[in-house]
Amino acid sequence: MDCGDVLMFCCRVIVLQNNMFEGVKAAKGPRGEALQHGQSGTLPHFLEEPVDAYIVKSNPIKLRCQARPALQIFFKCNGEWVHQSQHMSQEHTDLGTGLKIREVMINVSRQQVEDFHGPEDYWCLCVAWSHLGTSKSRKATVRIAYLRKNFEQDPQGTEVPLNGMIVLHCRPPEGVPVAEVEWLKNEEPLSFDDDGVNDSRGDHNLIISEARLSDSGNYTCVASNIVAKRRSATATVVVYVNGGWSSWTDWSPCNVRCGRGVQKRSRTCTNPAPLNGGAFCEGMSVQKSTCNTVCPVDGSWGEWSEWSLCSSECERQRSRECTAPEPKHGGRLCDGVALATDNCTGGLCTQNRKLLHDAKPQGEFLLGVESSSDVALYSGLAAGVVTVVLLIVAVTLYRRSQSEYGVDVIDSSALTGGFQSFSFKTSRQANPLLINSSLQPDLTVSRTYTSPMCFQDSIDKELMAERSLLDPLPDLKVKGEKTELHGAFTVSSGATERAEYHVMSHPQTFPRGLAPDYRGVAVGTTLGRRGKNLFAPQVSLTPSWPLHKATAVFGHAGGRLMVPNTGISLLVPHGGIAEDTTWEMYMSINQEDSSAVSEDGPEIFLSAAVMYGPPGLDLSCPIAMTIAHCAEVAADNWTIRLKRHIQDNKWEEVMSVDEESTSCYCLLEAQRCHVLLEHPGRYALVGEPLNQEAAKRLRLAVFGSPDTSNSLGFTLRVYCVDDTPHAFQEVAVGERSRGGRLLEEPKIMLFRGNTFSLQVSIQDVPQLLWSIKPFTTCQEFSFSQVWASNQRPLQCAFSLERYSHSSSQLSCKISIRQVTGEEQILQVYTSVVENEKGPVPFFTQSDCTITSQTGSRAFKIPLSIRQRISATFDTANANGKDWQLLAQKLHIDRNLCYFACQESPSSVILSLWEAQHQDSGDLDSLASALEEIGKVQNTSAKPNGPNRQNGMKE
């Protein structure tokens, strides 16, 4: 090496020392370390620079820096070097360029930021060294994040007209970083993609350029950053509609027939009708105008003309005209005849040139001929009547001789004649002791009871033991034998025959330790015994929703168990319980949470959850349970399933209503579902909507009562509940306890699964007589609240106040509508003075308290006829008439494989029929089905008749 090379090397070392002088002060030996990494031809280039960060609560943040080529990297915060021990560094070589890449990271704590007091925010940067010099990164600020609690400006409620502009102001709380703002409408995020909805992001105001009715609701401004989320006060927006007049009607006719009168025309404030507190139309709704009507002139007869000469028919005539005066301008015509005819007298009239008395013998001869003709005519008619009667008798005898089933199966008179209490068919049997349906019944005599669901004690006390209506009934010939059938539904005046809970002496044994002295329990009470409570392990009572239940003791004769006023019943068939054995059975209704149906599916409860037991119940045939539901099943928009509760609020599927099954049978009707079950448990109907047209029925009702805290106040309560008796029973019980009265007959509304909400508004309140709290004229239920209400009533209230005690009448309308869906109007016209107007009854009949019936009185079909029908149809005969034909005629033609697995299919089919017709008490459908089977059998037997006769002739 010569002297020039040594000099060049020394100069480079001096330059490097000058550039690294500041760094050498803070870190020891960077120059010596740089010499060990070799030389590089570029300054350090930052691949990653520190970024701005926020400290949330007490969590430290990390600042990261990466450079290439770099001999060393150090952080400098707030102008001071960070100690080397606080650096976390790592190094690797770039395989593409061979240059060294160094990465350094430090932690910054909340305490460090709080302890810094400078003119600017806490900052840090990176300094990287290479052989040619140093490079600095960007400054990264570190701030402590926060969000104040109070909004600088909350949105304010407002009322705007339809198509007006809605502006809601919102200034979020101070925060670091600056909070982001979103809007909620009725607790759901508001979409700004809708037409006319704008969000001014600069000042966070919500602007709706053209207000619609659906824009009414509760709006909330929500501010949030990385620290917290704050909610503003709720602003209620009401979009109202001012009323507009409709077109005038045509002028009415003049109110007088003659002279000066008045005619009028009218218009209504319905174009549009005022809504949500909008102004009523200004001006007159009726216009009147004077009118003049030409008076009508009634006609009157003129004088009679002279009598005409006698005619050849020995008659004379005279006439008159309606011309004194003639009828004009709609006047009445003359009363009477215009032409009068009279017989000639006094020998003035001749016939065939002879006097009238000379023709008399000829008349007598004609009368004699006519008399002889009448005798022949009447004789022919008598012979015809006798012939018809003989033919009817012959046909009847022939049909009975060809019948294979017996009169108790085919002839419907065996059913309709003996077991319908007030609707007897006199054409089928001429029993003079039966009540004629056209006459008014005498309530002092005994009568039969046909509805097993409920009857009052007062009716039971009136029933007499007189048997003149039922005894003797016509004898029923069955295969050559005579059997006398007595009414299966007669309720005697004896104490043990009362169709209610009663004390029974049971000499049999009770399964699972049930004592024979169990009594029936009224609705709303619990079992009072010292032993184990059968309801304890399965049922939990909730104070807000009382548990409905019923219990009764059943034996071999079977019976029916009902939860009053809920549409829920249970039928235990005759013979289902073994002889010499009794079971105390119970049935209860539980309130379920709709979220428990399916964890992630769209299923909802369509009925109450019904449980029957006890768990160890052992029956030889299925029971029939009837459950009321609220689904609209007219169209195929649902998949409805029967589910059973297992444990831990879990439900398992038993069967789909539309599928075949051998373990269960479901017969779905418009408002009820009849289920054949073999295993006790808790069951419910759930539905899965297939499309947005799926709908469930809602029952709408409005109740009212005076405000107890304000003598001038009156409260209207509007209920929207699932259309089942059980759900409405909850409303009725609550309103009865608070003294409310039903102001309008409840109405039914279809609520569709289209995700639109339900709006309830009050309209046409007389503004001069009544006032209502502002912003309460329109209230809204979200879709999920209504769709998944699960028998729970939804209620909204309108508080009104009259200006004077003299205003005792209230008239208004309650509009209940689903957005873009159906609407119902409840018309309210009531007296607000307490006790001035009697309460409207909650039900069409008195509340039912009877919960059970045992033995024959629980069934429509008498036991003897039921047994004969089962014996006839359980086995196929020569003509193929078996239980499948019986099911077909009773319109039970689905899932027949279930009945095929039963020991007596016909008996199970009849149990299902009993459950279907438990309310009507009418045996016509069964009688008609048996009559049709008889006609089919007679038709199939007719072709063999002539052959048989020909054989006899030969």
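Residues numbered from 1 in each chain as written. Predicted model: local features only at pLDDT ≥ 70, side-chain atom pairs only at ≥ 80, totals over all residues. Heavy atoms only, no water.

- Named according to an unreviewed UniProt entry, the protein chain is Netrin receptor UNC5 originating from Amphiprion ocellaris.
- Of the comments in the UniProt record for the protein chain, the one headed Subcellular location (unreviewed entry) reads "Cell membrane".
- Note on the protein chain: under the UniProt heading Sequence similarities (unreviewed entry), the record states "Belongs to the unc-5 family." (UniProt positions renumbered as here; feature names shortened; annotations may be inferred.)

**Looking at the overall build of the protein chain**
Inference 1: The helix and strand tally for the protein chain stands at 16 helices and 52 strands.
Inference 2: Counting the 954 residues in the protein chain, one finds 43% classified as buried.
Inference 3: Expressed as a percentage of contacts within the protein chain between residues at least 6 apart in sequence, the contacts between residues at least 24 apart total 70%. (Helix = DSSP H or I, 4+ residues; strand = E, 2+ residues; numbered from the N terminus. Buried < 20%, exposed > 50% of the residue type's maximum accessible area, 1.4 Å probe, protein only. Contact = heavy atoms within 4.5 Å.)

**Let's talk about the side chain of Glu603**
Inference 1: Note that Glu603 resides in the loop between β33 (583-590) and β34 (604-605).
Inference 2: Among the residues examined, Glu603 registers a relative accessible area of 11% and is labelled buried.
Inference 3: Polar side-chain contacts of Glu603 include one of 2.7 Å to the side chain of Arg641.
Inference 4: At 2.7 Å, the side chain of Glu603 and the side chain of Lys643 are in polar contact. (Polar contact = N/O pair within 3.5 Å; in protein donor to acceptor, adjacent residues only side chain to side chain.)

**Examining helix α9 (residues 725-738)**
Inference 1: Taking 1.5 Å of rise per residue, the 14 residues of α9 would be expected to cover 20 Å, and the 20 Å separating its terminal C-alpha atoms lies within 8% of that figure.
Inference 2: When α9 is considered as a whole, its buried residues turn out to be His726, Ala727, Phe728, Gln729, Glu730, Val731, Ala732 and Glu735.
Inference 3: Packing partners of the buried residues in α9 comprise β30 (548-554), β33, β42 (695-706) and β43 (713-722).
Inference 4: Following α9 by one or two positions, Gly739 adopts a phi angle in the positive range, close to 80°. (Expected span 1.5 Å × (residues − 1).)

**Things to note about the pairing of strand β36 (residues 623-628)**
Every other side chain in a regular strand lies on the same face of the sheet, so the side chains alternate between the two faces.
Inference 1: Among the six residues that make up β36, six are buried, leaving the element largely enclosed by the rest of the structure.
Inference 2: Burial along β36 is two-sided: Ile623, Met625 and Ile627 and Ala624, Thr626 and Ala628, pointing in opposite directions, are all buried.
Inference 3: Sheet topology note: the strand β32 (residues 568-572)/β36 ladder contains three bridges and is antiparallel. Residue pairing for β36: Ser569 is matched across the bridge by Thr626. (Pairing = 2+ DSSP bridges.)

**Concerning the sheet that holds β32**
Inference 1: Sheet architecture is open: six strands sit in the order β39-β40-β36-β32-β31-β52, paired in antiparallel fashion. Lying at the two open borders of the sheet, with one neighbouring strand each, are β39 (665-668) and β52 (852-854). Within the sheet, the average angular offset between the axes of one strand and its neighbour, ignoring direction, is 15°. (Axes fitted to C-alpha atoms, helices over the stretch in contact; angles between N-to-C directions.)

**Description of the pattern of salt bridges**
In a structure, side chains of opposite charge can pair up when their charged atoms sit close to one another.
Inference 1: Within the structure shown, the criterion is met by 26 salt bridges.
Inference 2: Across the salt bridge formed by Arg138 and Asp52, the nearest N and O atoms sit 3.6 Å from each other. A residue pair is termed long-range when its members are at least 10 positions apart, and Arg138 in the loop between β9 (133-136) and β10 (140-144) and Asp52 in the loop between β1 (45-48) and β2 (53-55) qualify at 86 residues.
Inference 3: Assessed through its relative accessible area of 36%, Arg138 is described here as partly exposed.
Inference 4: Here Arg332 and Asp298 are joined by a salt bridge, their closest N and O atoms 3.1 Å apart. You can see Arg332 sitting in the loop between β24 (315-319) and β25 (339-343) and its partner Asp298 sitting in the loop between β23 (286-293) and β24, a full 34 residues away along the chain.
Inference 5: The exposure class of Asp298 is partly exposed, given its relative accessible area of 31%.
Inference 6: Taken together, the shared-partner salt bridges in this structure form one network comprising Glu603, Arg641, Lys643, Glu653 and Glu688. (Salt bridge = Lys/Arg side-chain N within 4 Å of Asp/Glu carboxyl O.)

**Observations concerning the sheet that holds strand β48 (residues 778-781)**
Inference 1: Ordered by their spatial adjacency, four strands build an open sheet running β48-β46-β50-β51, and the pairing between neighbours is antiparallel. Lying at the two open borders of the sheet, with one neighbouring strand each, are β48 and β51 (823-831). Averaged over all neighbouring strand pairs, the angle between strand axes comes to 20°, with direction disregarded.
Inference 2: Pairing between strand β50 (residues 809-818) and β51: nine bridges, direction antiparallel. Bridge assignment links Ser811 to a residue of β51, and that residue is Tyr829.

**Digging into helix α14 (residues 905-916)**
Inference 1: End to end, α14 covers 17 Å across twelve residues, agreeing with the expected 16 Å (1.5 Å per residue, within 8%).
Inference 2: Extensive coverage of α14 is indicated by the burial of twelve of its twelve residues.
Inference 3: Listed in full, the buried residues belonging to α14 are Pro905, Ser906, Ser907, Val908, Ile909, Leu910, Ser911, Leu912, Trp913, Glu914, Ala915 and Gln916.

**Concerning the nonpolar core**
Inference 1: With 67 residues, the main nonpolar core has Tyr612, Leu677, Leu716, Leu758, Phe798, Ile814 and Ile816 as its most contacted residues.
Inference 2: When sequence neighbours within four positions are dropped, the list of residues in contact with Ile814 reads Val702, Leu716, Val718, Val760, Ser761, Ile762, Phe798, Gln824, Ile825, Leu826 and Val828.
Inference 3: Membership of the second largest hydrophobic core comes to 30 residues, among which are Tyr665, Ile865, Leu910 and Ile933. (Core = buried A, V, L, I, M, F, W, Y, C linked by side-chain atoms within 4.5 Å.)

**Some details on unusual backbone geometry**
Backbone phi values are negative for most residues with the exception of glycine, while trans is the configuration of most peptide bonds.
Inference 1: With an omega of -15°, the peptide bond running from Arg68 to Pro69 counts as cis.
Inference 2: Position of Pro69 relative to the elements: it lies in the loop between β3 (61-68) and β4 (72-77).
Inference 3: Looking along the chain, the bond that leaves Gly613 and enters Pro614 is cis, with omega of 20°.
Inference 4: Mapped onto the elements of the fold, Pro614 is located in the loop between β35 (609-613) and β36.

**Comments concerning the pairing of β9**
Inference 1: Pairing analysis gives four bridges linking strand β8 (residues 122-130) to β9, with the strands arranged antiparallel. Paired with Ser130 across the bridge in β9 is Gly133.

**A look at the environment of Leu168**
Inference 1: In this fold, Leu168 is placed in strand β13 (residues 166-168).
Inference 2: Setting aside residues no more than four positions away along its own chain, Leu168 makes contact with Pro155, Gln156, Thr158, Trp183, Asn205, Leu206, Tyr219 and Val237.

**Here's the deal with the packing of aromatic side chains**
Inference 1: Counted according to the given criterion, the structure contains 14 aromatic pairs.
Inference 2: Note on Phe605 and Trp651: the rings are 5.5 Å apart at their centroids and 75° apart in plane angle, and the pair reads as edge-to-face. Of this pair, Phe605 sits in strand β34 while Trp651 sits in strand β38 (residues 651-656), and the two are 46 residues apart along the sequence. Neither Phe605 nor Trp651 differs from the other in exposure class; each is buried.
Inference 3: Ring centres 6.5 Å apart and planes at 50° place the aromatic pair Trp883 and Phe899 in the tilted group. Taken together, the residues span a long stretch of sequence, with Trp883 in helix α12 (residues 883-889) and Phe899 in helix α13 (residues 896-900) at a distance of 16 residues.
Inference 4: For Arg894, the ring lying beneath its charged end belongs to Tyr665, and the centroid distance is 5.5 Å. (Phe/Tyr/Trp six-rings, centres within 6.5 Å; stacked < 30°, edge-to-face > 60°. Lys NZ or Arg CZ within 6 Å of the ring centre and 35° of its normal.)

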